[in-house]
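# An overview of the molecular structure
Now for the letters of each chain:
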Amino acid sequence: FSGEERYKVSRIEDTCYQVCWALIEQVRSGAVKESRYEVPFGRKYELAPIEVECGDEAVCIEGKIDRLDILENDRVKIIDYKTGKENFNIYETRGGYRLQLMLYLKAAQEKHRKPAGVFYFLIGDPRVYFTGTETEKISEKISKEMRKSFRLNGIMVNDRRVIRDIAGEFEGYSDIVPLRSGKDGIKGTSQDFLLEEEEFSALQEAVDGQIKKLCRQLADGRVSIAPKKTERESPCTYCPYKSICRFDLAFPGCNYEIIK
């Protein structure tokens, strides 16, 4: 190995070490009854496929869940590992985009388990920035900031037992999920992180509707030009093919949905 390759290998080993310890600490903090890894769902597996009726036809959705946790109260928690800067957006999901986590949850519930939450675990090589000269506090500061960088990103049910089973007991800010415990109780530190049971059920119903619509379009062979547009970006922001794709925001045949 060259010096550059040895350095890269060393960085990868350090990252894997930090990631593994973060995962261990998250499991130890909560109350997980069972963890399953690389769990497939489909016709040939223990978990059944997601079947969507489309008139006279049916679409079967199969896949593989990175990690499925069964909590002490038999609720289901889904974790998907990501190496990019993935961020769960409830409005995009409700609009029919980034449905992966919710599909995994639907398959894992098996029609009798309740949901606890769905999360991304971002795998990366975090950087810690701090100021100060007290050596004895530097290690503690680095350790705390590292744990914070591996917080789960997603949504969860606002239930006291679910929170305890996932985040454990904590004061101030949780190192596991974006929650804060204060005089006014436990609150989410990121928007739309904690959902009431009714809100979570409503989101699942909206996702079911989007899945059925997409499967119907697939069965009908419809592949219209309909890119996503958010309030901040147009569909062409990062596309190198906009000169030949025939898409135009002003063209009536091109439909798009603004996700807020």
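Remember, predicted model here, so these are calculated numbers, not experimental data. (Residues numbered from 1 in each chain as written. Predicted model: local features only at pLDDT ≥ 70, side-chain atom pairs only at ≥ 80, totals over all residues. Heavy atoms only, no water.)

### Examining the packing of aromatic side chains
Two aromatic rings, taken as a pair, are described by how far apart their centres are and by the angle between their planes. Rule in force here: When the centres of two rings from Phe, Tyr and Trp lie within 6.5 Å, Trp using its six-membered ring, the rings pair. Their planes under 30 degrees apart give stacked, over 60 give edge-to-face, and anything left gives tilted. Each helix corresponds to a stretch of at least 4 residues labelled H or I by DSSP, and each strand to a stretch of at least 2 residues labelled E; elements are numbered beginning at the N terminus. The buried label goes to any residue with under 20% of its type's maximum accessible area, the exposed label to any with over 50%, and the partly exposed label to all in between, with areas taken from a 1.4 Å probe on protein chains only.
Inspection of every chain in the model, using the stated rule, returns 5 aromatic pairs. Where Phe 88 meets Tyr 120, the ring centres are 6.5 Å apart and the plane angle is 50 degrees; that geometry is what we call tilted. Taken together, the residues span a long stretch of sequence, with Phe 88 in the loop between strand E5 (76-82) and helix H2 (90-94) and Tyr 120 in strand E6 (residues 115-122) at a distance of 32 residues. Tyr 120 shares its class with Phe 88; the two are buried. Here the aromatic residues Tyr 81, Phe 121 and Phe 150 are joined through ring pairs into a cluster of three or more.

### Comments concerning the state of the cysteines
Heads up, the condition is: Any two cysteine sulfur atoms lying within 2.5 Å of each other are counted as a disulfide.
Evaluated as defined, the whole model comprises 0 disulfides. Unpaired in terms of disulfides, Cys 54 finds its nearest cysteine sulfur in Cys 215, a separation of 5.2 Å. Cys 215 supplies the cysteine sulfur nearest to Cys 60, a cysteine that is in no disulfide, at a spacing of 9.5 Å.

### Observations regarding helix H3 (residues 100-109)
Burial within H3 is extensive, with 8 of its 10 residues counted as buried. For H3, the set of buried residues is Leu 101, Met 102, Leu 103, Tyr 104, Leu 105, Ala 107, Ala 108 and Gln 109. In the segment just after H3, Glu 110 is the residue with positive phi, at about 50 degrees.

### Some details on empty space enclosed by the protein
Applied cut-off: Definitions used throughout: a 1 Å grid over protein atoms alone; a cavity as a set of points that fits a 1.4 Å probe which cannot get out; a pocket as an open set with protein on both sides within 12 Å along at least five of seven lines; a lining residue as one with an atom within 4 Å of a point. Grid points are joined across faces, edges and corners, and a volume is the space filled by probe spheres set on the points. Residues are grouped as follows: Ala, Val, Leu, Ile, Met, Phe, Trp, Tyr, Cys and Pro are nonpolar; Asp, Glu, Lys and Arg are charged; all remaining types, including Gly, are polar.
On inspection of all chains with the given rule, the structure shows 1 cavity of 30 Å³ or more. Counted as a void, the largest cavity has a volume near 50 Å³. Lining the largest cavity, in full, are Ala 22, Glu 25, Gln 26, Arg 147, Phe 150, Asp 175 and Ile 176. For the lining of the largest cavity, the per-class residue count stands at 3 nonpolar, 1 polar and 3 charged.

### Some remarks on the pairing of E5
Stated precisely, the cut-off is as follows: Only strands that DSSP links by at least two bridges are regarded as paired with each other.
Burial within E5 is extensive, with 5 of its 7 residues counted as buried. The hairpin turn running from strand E4 (residues 63-71) into E5, its antiparallel successor, is 4 residues long, and Asp 74 in that turn takes a positive phi close to 65 degrees. The pairing of E5 with E6 spans 7 bridges and is parallel. The partner of Asp 80 across the bridge, within E6, is Tyr 120.

### Quick notes on the packing of H3 against helix H6 (residues 197-220)
For clarity, the cut-off: Orientation is described by axes fitted as lines to C-alpha atoms, over the contacting stretch for helices, and by angles from 0 to 180 degrees between their N-to-C directions. The cut-offs work like this: below 35 degrees is roughly parallel, past 145 is roughly antiparallel, 65 to 115 is roughly perpendicular, and the gaps in between are oblique. Only heavy atoms enter the contact rule, under which two residues are in contact if any of them lie within 4.5 Å.
Packing of H3 against H6 brings their axes to within 11 Å, and their N-to-C directions diverge by 105 degrees. What the angle tells us is that H3 and H6 run roughly perpendicular. In contact with Met 102, Leu 103, Leu 105, Lys 106 and Gln 109 of H3, H6 contributes Phe 200, Leu 203, Gln 204, Val 207, Asp 208 and Ile 211. Here the contact of H3 with H6 is built from residues that sort into 7 nonpolar, 2 polar and 2 charged.

### Remarks on a nonpolar patch on the surface
Which entries qualify depends on this criterion: The residues that make up patches have over 30% relative accessible area and no salt bridge, and they are joined within 9 Å when like-charged or within 5 Å when they are Val, Leu, Ile, Met, Phe, Trp or Tyr. Areas reported here follow the Shrake-Rupley algorithm with a probe of radius 1.4 Å; residue values treat only the protein chains shown as occluding. Here, a salt bridge means any side-chain nitrogen of Lys or Arg that lies within 4 Å of a carboxyl oxygen of Asp or Glu.
A cluster of nonpolar side chains, Tyr 17, Trp 21 and Ile 24, forms an exposed patch at the surface whose accessible area comes to about 300 Å². Take Trp 21: it is sitting in helix H1 (residues 3-29). Residue classification places Trp 21 among the partly exposed positions, given a relative accessible area of 35%.

### A closer look at the pairing of strand E10 (residues 185-188)
Note that strand E9 (residues 179-182) and E10 share 4 bridges and pair antiparallel. For Gly 182, the partnering residue across the bridge sits in E10 and is Gly 185. Counted between consecutive antiparallel strands, the loop separating E9 from E10 contains 2 residues.

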